[in-house]
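Working through the structure, step by step
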2 protein chains.
Amino acid sequence: MIPSPYFLYLGSSDDSVGIKTSRGLAEFRRADCVGEFRHDASPLTLGLPRLTMAEAAAAGARTLVLGIAKAGGAIGEEMIADAAEALRNGMNVAAGLHRRLRDIPELAALAREGGLQLFDVREPPADLPIGTGYARPGNRLLTVGTDCSVGKMYASLALTQALRERGVAADFRATGQTGILIAGAGVPVDAVVADFISGAIEALTPARDDEGWDVIEGQGSLFHPSFAGVSTGLLHGAQASALLLCHDPARETMRGLAGRSLPELGQCLEANLRVARLTSPDVRAVGVCLNTSTLDESAGLAICAEVSATLGLPCTDPMRFGLDTIVDELLCPANFTPATTASL
Amino acid sequence: MIPSPYFLYLGSSDDSVGIKTSRGLAEFRRADCVGEFRHDASPLTLGLPRLTMAEAAAAGARTLVLGIAKAGGAIGEEMIADAAEALRNGMNVAAGLHRRLRDIPELAALAREGGLQLFDVREPPADLPIGTGYARPGNRLLTVGTDCSVGKMYASLALTQALRERGVAADFRATGQTGILIAGAGVPVDAVVADFISGAIEALTPARDDEGWDVIEGQGSLFHPSFAGVSTGLLHGAQASALLLCHDPARETMRGLAGRSLPELGQCLEANLRVARLTSPDVRAVGVCLNTSTLDESAGLAICAEVSATLGLPCTDPMRFGLDTIVDELLCPANFTPATTASL
């Protein structure tokens, strides 16, 4: 629906977490990405060729993806100027920000003149239902987190892939702009009207009667005071039989909130299970996914083993060590024996 | 801002809870209401004169208030026809539904032709901030509930009045369409974009440095799977030092959800305190308000005494027995001694 190949925007960002939409596309749709755009002020790279707007258009890029975000989805003057330049070079523009591209007169006019399209991925569908919490059939897993941007989407995508490799039907259900751009469908749950949070997720993951799994991308955190309402409605709408906890051990404070520390993993898991039980009384935790990219391999393995022993659940870095233990636990709950502290 | 006197709409409703906006105006702004409009199908009344649209206009009504609601804020064909008739009779029309009056072409055209206004009270302000949870000064109390429509707004308005009668500065902070119509200001929190729930409440109740209280109208319930996301964000944004639990002992199932029972009062209070502690670590419960209107006076007193003894907190029906015990507890926490079971 959004024409590829994509040209990925980093702008002047020096926030490696804030570029997660561009990075997610580079990771999961790499064959569809021709390059990256960044100003000299940005020290970041996705490992793609650095191109100008004109070079990207010449290389065949059809759409500039404004894949960077600040909390609240603001859009700055520099980004608008860059989007205008992309339109002048014949590219469409896609974004997942709260402020809509088509509400920016300069961009709307350029798109009209050039016969190009502006894609606002964060616009929720009309006519969402109110959630009910009524029990519905189907296997559903929801990723939850200690914070925003700790790997819930990566874990969800990797788990979907791992299940399929075992011959189990699985569908990734996107709830954020990056996931929607990657999957080509989904509901931007943080952009729906507050009364419809759980209903939006019920609509995204209707009853299924095969043995397959809906793997639902979580958002925010019950412990993030900006966004916990979204996380709560997601838990109730998902009606998940399994929760997968995601965490970034390098994160020192809650994203965007100076001085607020992250919850303990066990405390976070218990709070999520407690909220989830309102609509899924038998929900259970099936594992923990850590983002260990700031650690060397042995330190990464060690922290996974430590968390596993502490919580009595499989723990892995899905991008580094695979998801076998978690898939085992999900499909055959009796199988998992946590490592003892002595064996670490 | 919305011209009074008001003409209150009941339509064909036979849902005594669903007419809560019309009833709230009749209760708290009675001097500004000239009458009620209802079809023969409605067995309900607010005790105001039943008038036709033409009679109401002749009696001086300036605005028809569509003060009835279904879950999700839908608006039916009959209501649209009645609103059109009000406009033809020279009245403005106000509503607090998710679907906006001005998005209904027939009503927009009639308003334009008649030089009249359509008021959509449920439209949130633009440019709401993202919540932060950073500590801010001021005394804030939030009403919370076992369910939707159990008296949170009534309790909040009555408590504001009771505090003022004690010489304590107090401001009612409206978060729903009825409260906003009564107070003339507020934020319709269930209509804001999900990312901004807690931020909307932080903006509604900024730091205050007097000894007075912001009395914040709660919404929904942590135990209502349709709306708990809103309730969660409200708790985090309110950063309340005091919670007041509201309950309707006649309610058999959660509003709109067949077969789902209400939580126990103690369980509900504990869950609300747990969520509230994320942004207000020292939050405490100061009492329980019951809607005992379906009981006779002695039965109403007895159930209040029973709840008080069980929870160790003052309990009252604010519309029937006043709020003295709760104001005492709020202002002088050491004062309350719960009744013993023996004294019931």
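Read on for an overview of the structure. Predicted, not measured: the structure shown is a model, and the values here were computed from it.

1. Some words on the overall build of chain A
Counting secondary structure elements, chain A contains 11 helices and 11 strands. Over its C-alpha trace chain A gives a radius of gyration of 20 Å, about what one expects of a compact globule, namely 20 Å for 344 residues. Overall, the C-alpha framework of chain A stretches about 60 × 45 × 45 Å when taken along its three principal axes. Taken across its 344 residues, chain A has 54% of its residues classed as buried. When contacts within chain A are restricted to residue pairs at least 6 apart in sequence, those whose partners lie at least 24 apart make up 73%.

2. A word on the pairing of strand 8 (residues 213-216) of chain A
Residues and elements named next belong to chain A. Of the two faces of strand 8, the one holding W213 and V215 and the one holding D214 and I216 are both buried throughout. Relative to strand 8, strand 6 (residues 139-145) runs parallel, the two sharing 4 bridges. Considered in strand 8, the bridge of R140 is made with D214. Sheet analysis places strand 7 (residues 170-173) next to strand 8, joined by 4 bridges and oriented parallel. Bridging from a neighbouring strand, F172 pairs with V215 of strand 8.

3. Some words on the environment of F196(A)
Residues and elements named next belong to chain A. Relative to the helices and strands, F196 resides in the loop between helix 6 (177-183) and helix 7 (197-204). Here the alpha-carbon distance between F196 and A170, two residues 26 residues apart in the chain, equals 25 Å. Leaving out residues up to four positions away in the same chain, F196 has contacts with L128 and I130.

4. Quick notes on the interface of chain B and chain A
Contact residues are listed per partner, giving 31 residues for chain B and 31 residues for chain A. Going through the elements one at a time, helix 7 (197-204) and helix 8 (228-238) of chain B are the ones with two or more residues in the side of chain B that touches chain A. Considering each element in turn, the side of chain B that touches chain A owes the most residues, 6 residues, to helix 8 of chain B. Residues of the side of chain B that touches chain A, tallied by class, amount to 15 nonpolar, 13 polar and 3 charged.

5. A look at the sheet that holds strand 6 (residues 139-145) of chain B
All names here are of chain B. The strand order across the open sheet built from 6 strands is 7-8-6-9-10-11, with neighbouring strands paired in parallel fashion. Sheet topology places strand 7 (170-173) and strand 11 (315-316) at the edges, where each strand pairs with a single neighbour. Against the sheet, helix 10 (residues 297-311) contacts strand 10 (284-290) and strand 11, and its axis sits at roughly 160° relative to strand 10. Along the sheet face, helix 11 (residues 324-331) touches strand 6, strand 9 (242-247), strand 10 and strand 11 and points at about 170° away from the line of strand 10.

6. Describing the relation of the copies chain B and chain A
Each copy superposes on the other: chain B lies on chain A with an RMSD of 0.0 Å after a rotation of 180° and an axial shift of 0.0 Å. Taken together, the turn and the small shift mark the pair as related by a two-fold rotation axis. The overlap is high: 100% of the interface residues of chain B also sit at the interface in chain A, so the same surface is used on both sides.

7. Let's talk about helix 1 (residues 20-28) of chain B
One full turn of an α-helix is made of 3.6 residues, so residues set three or four places apart face in the same direction. Residue and element names in this part refer to chain B. Of all 9 residues making up helix 1, 7 are buried, and the element is well covered by its neighbours. Restricting attention to buried positions, one finds in helix 1 the residues K20, T21, S22, R23, G24, L25 and A26. In this fold, the buried residues of helix 1 make contact with strand 1 (6-11), strand 2 (33-38), strand 3 (63-66), helix 5 (152-165) and helix 6 (177-183).

Thresholds applied
Residues numbered from 1 in each chain as written. Chains lettered and ligands numbered in written order. Predicted model: local features only at pLDDT ≥ 70, side-chain atom pairs only at ≥ 80, totals over all residues. Helix = DSSP H or I, 4+ residues; strand = E, 2+ residues; numbered from the N terminus. Rg over C-alpha atoms; globule rule 2.2 N^0.38 Å. Buried ≥ 20, exposed ≤ 12 C-beta atoms within 10 Å, placed from the backbone. Contact = placed C-beta atoms within 7 Å. Pairing = 2+ DSSP bridges. Nonpolar A, V, L, I, M, F, W, Y, C, P; charged D, E, K, R; others polar. Axes fitted to C-alpha atoms, helices over the stretch in contact; angles between N-to-C directions. Least-squares fit on C-alpha atoms with pLDDT ≥ 70 in both.

Structural measurements only, silent on function.
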